[in-house]
Amino acid sequence: MKTMLLLIDVTTKIDPTDYIGFTFFVGCMAMMAASAFFFLSLSQFDRKWRTSVLVSGLITFIAAVHYFYMRDYWAVNMESPTFFRYVDWILTVPLMCVEFYLILKVAGAKPSLMWKLIGLSVIMLVTGYFGEAVYPGQAAVWGGISGLAYFVIVYEIWLGSAKKLAVAAGGEILKAHKILCWFVLVGWAIYPLGYMLGTDGWYTSILGTGGVDVAYNIADAINKIGFGLVIYTLAVKSQDVKA
Ligand SMILES: *C/C=C(C)/C=C/C=C(C)/C=C/C1=C(C)CCCC1(C)C
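Anyway, here's the lowdown on the structure attached to this text. (Residues numbered from 1 in each chain as written. Predicted model: local features only at pLDDT ≥ 70, side-chain atom pairs only at ≥ 80, totals over all residues. Heavy atoms only, no water.)

Some details on unusual backbone geometry
Argument step 1. In this model, Met78 sits at a positive phi of 55°, which is unusual for a non-glycine residue.
Argument step 2. Position of Met78 among the secondary structure elements: in the loop between helix 3 (47-77) and helix 4 (82-104).
Argument step 3. For Met78, a relative accessible area of 45% corresponds to the partly exposed category. (Helix = DSSP H or I, 4+ residues; strand = E, 2+ residues; numbered from the N terminus. Buried < 20%, exposed > 50% of the residue type's maximum accessible area, 1.4 Å probe, protein only.)

Topic: helix 2 (residues 19-41)
Argument step 1. For helix 2, which comprises 23 residues, the first-to-last C-alpha distance of 33 Å matches the rise-based estimate of 33 Å (1.5 Å per residue) to within 8%.
Argument step 2. Among the residues of helix 2, Ile20, Gly21, Thr23, Phe24, Gly27, Cys28, Met31, Ala34, Ser35, Phe38 and Ser41 are the ones counted as buried. (Expected span 1.5 Å × (residues − 1).)

Focus: a nonpolar patch on the surface
Argument step 1. Together, Met29, Met32, Phe61, Val65, Phe68 and Tyr69 line one region of the surface with nonpolar side chains, adding up to about 580 Å² of accessible area.
Argument step 2. Of all the secondary structure elements, the ones that give two or more residues to the nonpolar patch are helix 2 and helix 3.
Argument step 3. Counting residues per element, the nonpolar patch draws most heavily on helix 3, at four residues.
Argument step 4. Assignment of secondary structure puts Met29 in helix 2. (Patch = residues over 30% accessible without salt bridge, like charges linked within 9 Å, V, L, I, M, F, W, Y side chains within 5 Å. Areas by Shrake-Rupley, 256 points an atom, 1.4 Å probe, with all protein chains shown as cover. Salt bridge = Lys/Arg side-chain N within 4 Å of Asp/Glu carboxyl O.)

A word on the packing of helix 4 against helix 5 (residues 111-134)
Argument step 1. At a minimum axis separation of 9 Å, helix 4 and helix 5 run at an interaxial angle of 160°. Between helix 4 and helix 5, the interaxial angle falls into the category roughly antiparallel. As helix 4 packs across helix 5, the resulting crossing turns out to be right-handed.
Argument step 2. Residues of the contact of helix 4 with helix 5, tallied by class, amount to 22 nonpolar, three polar and one charged. (Axes fitted to C-alpha atoms, helices over the stretch in contact; angles between N-to-C directions. Parallel < 35°, antiparallel > 145°, perpendicular 65-115°, else oblique. Left-handed = near helix turned anticlockwise from the far one by under 90°. Nonpolar A, V, L, I, M, F, W, Y, C, P; charged D, E, K, R; others polar.)

Without other data, these values stay purely geometric and don't point to any function.
Below you can see the structure in the form of structure tokens.
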């Protein structure tokens, strides 16, 4: 009974000036549309690329489900759905690390590279969650630790062993790797910015507060859908070369 009332509430009362709620709705639809696109395109790819495109679809699909809950949560409580946000990330960010591994496999990437990136991303997200939700009084410290893990990921893909494998693979794979690297350097950098807008620390006097959900929602759309499209394009191009 209680759930029913809540649902009625959500569908009837959305403030027309609630632009944050708007980005939750658009995010939800964009993630759903992207998932349909990736899943329905699967049959056109051969086995080598199918897994990569499938993972792209899983990333946007997992996000779509979380956005469905997050937009409800926001509409009812008018506060950041931090818990759902981090559950989404802890599933999707490691999958993005898997994508790096999958496209570099042709150049001989080992599972150890994948686990290293996954491990770093988990450290980045767990410490971020501590700062944002568990120990908000020490948000700057936890954010700093999280930022270090993020920095190591950036180093690994831009200059470390992942980069060497991409160069060894060459061609379309190197091109795609480079674009994904830019996503991680620029697109992912929106998240620490959002974090600083949503927590208190030395940065608060400079940046002010608010807008954290808009930052996260925009970043998610860019990174999850954009990332998937890079993989999709790589699969299409690699297939053309073969035909
Ligand atoms: C689809 C979701 C993605 C790509 C999420 C990425 C999240 C991050 C790169 C988060 C990074 C953070 C920092 C680097 C420091 C502050 C805490 C975080 C977790 C917001």
